[in-house]
Amino acid sequence: MRTNIEKITSDLGPNYKDTDKQIIEEIYEEINSIASNISGLKKEDTRLYPLVKEAVKATYIARGAEGLASRGEGGMSSTFNNIIDKLKKDIISNNLRRLQ
């Protein structure tokens, strides 16, 4: 069975560099911790994984553009919304938030 990190790196496809494994692990740990804090669920709760995975991929791909509001490249434009705000909204809209 593949680890969560392996699933994420597989999803990233050619955007992922083998030398960035530690970076992915650090991003995953940070986002997973934030998701756990927002939701009130344990880090190991598998219901958070799909949302954490998307946030990790978005963060990894957006590296180096942290201060930009948007970016256009090769005829394509991307808007960098605050990934954590989106994660929070996704957790709430999926009824994964446990009020403490």
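Below or above, wherever it landed, is the structure these notes cover. Quick caveat: nothing in here was measured; it's all calculated off a predicted structure. (Residues numbered from 1 in each chain as written. Predicted model: local features only at pLDDT ≥ 70, side-chain atom pairs only at ≥ 80, totals over all residues. Heavy atoms only, no water.)

### Structural notes on the environment of Leu 96
Following the sequence through the fold, Leu 96 ends up in the segment after helix 4 (83-93). The sequence separation of Leu 96 and Arg 47 amounts to 49 residues, and the corresponding C-alpha distance is 7.7 Å. Sequence-distant contacts of Leu 96, that is, excluding residues within four places in its chain, are made with Ser 39, Leu 41, Arg 47, Leu 48, Leu 51 and Ile 91. (Helix = DSSP H or I, 4+ residues; strand = E, 2+ residues; numbered from the N terminus. Contact = heavy atoms within 4.5 Å.)

### Brief notes about unusual backbone geometry
When glycine is set aside, most residues are seen to have a negative phi, and most peptide bonds are trans. Even without a glycine there, the phi angle at Asn 95 is positive, about 55°. Counting through the fold element by element, Asn 95 comes out in the segment after helix 4. Accessibility expressed as a relative area gives 59% for Asn 95, which makes it exposed. (Buried < 20%, exposed > 50% of the residue type's maximum accessible area, 1.4 Å probe, protein only.)

### So, helix 1 (residues 4-12)
Residues Ile 5, Ile 8, Thr 9 and Leu 12 constitute the buried set of helix 1. Mapping the buried residues of helix 1 onto a view down its axis gives an arc of 95°, with all of them on the same face. Tucked inside the fold, the buried residues of helix 1 contact helix 2 (21-39) and helix 3 (49-61). (Arc of directions from axis to C-beta.)

### Focus on the environment of Asp 90
Along the polypeptide, Asp 90 turns up in helix 4. Take Asp 90: its relative accessible area is 22%, and that puts it in the partly exposed class. Remark: the alpha-carbon pair of Asp 90 and Ala 35, spanning 55 residues in sequence, is separated by 10.0 Å.

Everything listed here is a matter of coordinates, which is why it stays silent on function.
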